[in-house]
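These are the residues of each chain, in order.
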Amino acid sequence: MQASLRLLARRRFLPLFTTQFLGAFNDNLFKTAMVMLVTYRIFSNDRMEAAFNAAANALYILPFFLFSALAGQLADCRDKAWIIRLVKTAEIAIMAVGAAGLMLQSVTLLLLALFAMGAHSTFIGPIKYALLPQHLHRDEVLGGTGLVEAGTYIGVLLGILAGGVIPAPAVAATVMAIALIGRIAGAKVPPAPPVVEDHAIDLHVVRASIRLVSETLHVPRLMLAVAAISCFWMQAAILGTLFVPLVKNVLEADQQVATLFLAVFSIGVGVGSIAINRMLGGTVSARFAPAVALLMGACLLDLHHVVSHWDTPEAMIGWKAFVGLPHAKHILLDLFGVAVFGGMFVVPLYAFMTTTVDKLHTARTVAANNIVNSGAMVVGALLFAGLVRFGVPVADTLIVTAAGSVAAAAIAWRLHRACAPAFSST
């Protein structure tokens, strides 16, 4: 752990970590403020609120599906540090649109900015993982991956907390300021020359996406890793969609409690990301993945049991009143367990992808993974919307999410059996 933290003093790592942290913070500050504004201030209909949350999640994820192939090609064929600077410059313009949406309470501008932020994250994603094996030593990659994931979720946590309590006008000013600071941090990322010279970029996104995924998934171990990660992100998409409607319409709690839920979940993922690195001792291994996936599913089922037997308050309550209610701490503990086991599940799989492929193919492998993951997340968000549309209670969608843990555990077990020698690299 101490060896990993020492990376924060290295210029080959710190600017990337800072840029990613600020991007995650800004993303979630804006998204949380938007969701709270629309759910608690603009709409007042249970189904409309659930539909909006599902649509917003799907719209944010859609660029990953559309543009990941192009992002992977650019990351392999252009200097990654240059791309970071270009994308962080674009973030300033995107946040200007988002800030206007918050000030005017315009759902159209908010969703437009959300889609653009999804595109921003699409192009950053392959770069942050492809840079790690290019700038770090092999025995530092797992620790670096864990720090990036933990830093990301700390940024997510702080963004959620701020977005849930800061008034919309203050959020509008803050997202602009953070975008500017992120651009400055991005300028400090050391050069990362392209690993593929004179490669023609295919701008046909559908053709490029199909080719990229087929070229990656024909490798059995990568196919299994991508499938396992996709199961996790499908679950995460459903959870991210249902949290706010669950809090408001099932638990009868205000946006402070919704913020608390999102914060606990983010803390848990960060804890799991760091804990798994310590448990694995710096090696890249999937040996814990099946067990932690099943534990995640068990926490989801227990959470469903507690929520489905919840005594609904007569009036909407704040976080202090909520925490004082019977079984509230049980709910928060289940939520924390889901997040911790989720972080423990997914981090080694990302490290596996970046260390078991040639550096020539790292960014494209991550991009192909993002395409499949985003498809799974869109399916998850739409599945949630469809279940609610046909009258399934929001709380019961937790059962569907728990079923995904069984599938993830089965895939992870096959991956561990197939790739134990590769995963044991040091």
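It should be noted that the structure appears before, not after, this text.
To keep things clear, this report deals only with the structure shown in the data block. Throughout, a residue's number is its position along its own chain's written sequence, starting from 1. The model is predicted, so local features are restricted to residues of pLDDT at least 70 and side-chain atom pairs to those at 80 or more, both for listing and for counting; the totals for chains, interfaces and linings are taken over all residues. Neither water nor hydrogens contribute to the side-chain values; these are computed over all heavy atoms in the structure.

1. Focus: the overall build of the protein chain
The helix and strand labels rest on DSSP assignments: H or I over at least four residues marks a helix, E over at least two residues marks a strand, and numbering proceeds from the N terminus. A count of helices and strands for the protein chain gives 15 helices and zero strands. A compact globule built from 426 residues would reach a C-alpha radius of gyration of about 22 Å, and the protein chain, at 20 Å, matches this within 12%. Referenced to the eigenvectors of the C-alpha coordinate spread, the extents of the protein chain come out at roughly 65 × 45 × 45 Å. Relative to its 426 residues, the protein chain shows a buried fraction of 59%. By definition in these notes, contact holds between two residues if any of their heavy atoms fall within 4.5 Å. Contacts in the protein chain between residues at least 24 apart in sequence constitute 87% of all its contacts with a sequence separation of at least 6. Per-residue and other accessible areas were derived by the Shrake-Rupley procedure at a 1.4 Å probe size, with only the shown protein chains allowed to occlude residues. For the protein chain, the exposed surface amounts to about 16600 Å²; the carbon and sulfur share of it is 68%. Charge assignment: positive for Lys and Arg, negative for Asp and Glu; neither His nor the chain ends contribute. Where a charge sits is defined by one atom per residue type, namely NZ (Lys), CZ (Arg), CG (Asp) or CD (Glu). Here the protein chain carries 28 positive and 21 negative side-chain charges, and the mean point of each set is 8 Å from the other. We compute the radius of gyration from the C-alpha atoms alone; for a globule the expected value is 2.2 Å times N to the 0.38, where N is the number of residues. Burial classes: relative accessible area under 20% of the type maximum marks a residue as buried, over 50% as exposed, and values in between as partly exposed (1.4 Å probe, protein chains only).

2. Points about the pattern of salt bridges
Any Lys or Arg side-chain nitrogen located within 4 Å of an Asp or Glu carboxyl oxygen qualifies as a salt bridge. Applying the stated criterion to the full structure yields one salt bridge. For K88, the salt bridge is made with E91, and the minimal N-O distance between the two is 2.6 Å. Remark: E91 and K88 occur in helix α4 (residues 80-104); sequence separation between them is three residues, near one turn of the helix. Look at E91 and you get buried, because its relative accessible area is 1%.

3. A look at helix α7 (residues 168-186)
Its 19 residues give α7 an end-to-end C-alpha distance of 27 Å, which sits within 8% of 27 Å, the value for a rise of 1.5 Å per residue. Close packing links the buried residues of α7 with α2 (14-42) and α4. Helix span, expected: 1.5 Å multiplied by one less than the number of residues in the helix.

4. Description of the packing of aromatic side chains
Only centres within 6.5 Å qualify two rings of Phe, Tyr or Trp (six-membered ring in Trp) as a pair; their planes then separate them into stacked at under 30 degrees, edge-to-face at over 60, and tilted for everything else. For the coordinates displayed, the defined rule picks out seven aromatic pairs. Ring centres of F243 and F261 lie 6.3 Å apart, and the angle between their planes is 80°; on these two criteria the pair is classed as edge-to-face. Linking F243 in helix α9 (residues 220-249) with F261 in helix α10 (residues 255-280), this pair joins segments that are 18 residues apart in sequence. Across the pair, exposure class does not vary: F243 and F261 are buried alike. With a centroid separation of 5.6 Å and an interplanar angle of 35°, the aromatic rings of W310 and F322 are classed as tilted. One end of the pair, W310, is in the loop between α11 (289-308) and α12 (319-323); the other, F322, is in helix α12, and 12 residues separate them in sequence. Each member of the pair W310 and F322 is classed as buried. Ring pairing ties together the aromatic residues F243, F261, F265, W310 and F322, which thus form one cluster. Lying over the aromatic face of Y60, K31 brings its terminal NZ or CZ to 4.0 Å of the ring centre. Either the NZ atom of lysine or the CZ atom of arginine qualifies as a charge over a ring when it sits within 6 Å of the ring centre and within 35 degrees of the ring normal.

5. Let's talk about the packing of α2 against α10
Axis lines are fitted to C-alpha atoms, over the contacting stretch for helices. Their N-to-C directions set the angle, which ranges from 0 to 180 degrees. Between α2 and α10, the shortest axis-to-axis distance is 11 Å and the interhelical angle comes to 150°. Considering the angle they form, α2 stands roughly antiparallel to α10. Note on packing geometry: the crossing formed by α2 with α10 is right-handed. Only Q255, A258, T259 and L262 of α10 make contact with α2, whose side of the interface consists of M36, Y40 and R41. Class assignment of the residues belonging to the contact of α2 with α10 gives a composition of four nonpolar, two polar and one charged. Any angle between 65 and 115 degrees counts as roughly perpendicular, while under 35 counts as roughly parallel, over 145 as roughly antiparallel, and the rest as oblique. Crossing handedness: left-handed means the near helix sits turned counterclockwise from the far one by under a right angle, and right-handed means the same turn made clockwise. Here the term charged refers only to Asp, Glu, Lys and Arg, the term nonpolar to Ala, Val, Leu, Ile, Met, Phe, Trp, Tyr, Cys and Pro, and the term polar to all other amino acids, Gly among them.

6. So, unusual backbone geometry
Non-glycine residue Q105 carries a positive phi angle of around 55°. Residue position: Q105 is located in the loop between α4 and α5 (107-135). The class of Q105 is partly exposed, set by a relative accessible area of 46%. Its identity is not glycine, yet E252 carries a phi of approximately 55°, on the positive side. Mapped onto the secondary structure, E252 falls in the loop between α9 and α10.

7. A look at the packing of α2 against α7
The geometry of α2 relative to α7 is characterised by a closest axis approach of 9 Å and an angle of 165° between their N-to-C directions. By the angle between their directions, the pair α2 and α7 is classed as roughly antiparallel. α2 and α7 meet at a crossing whose hand is left-handed. Side by side, α2 and α7 meet where P15, T18, T19, L22, F25, N26, L29, F30 and A33 of the first sit next to V171, T174, V175, I178, A179, I181, G182, A185 and G186 of the second. Here the residues of the contact of α2 with α7 are counted per class, giving 12 nonpolar, six polar and no charged.

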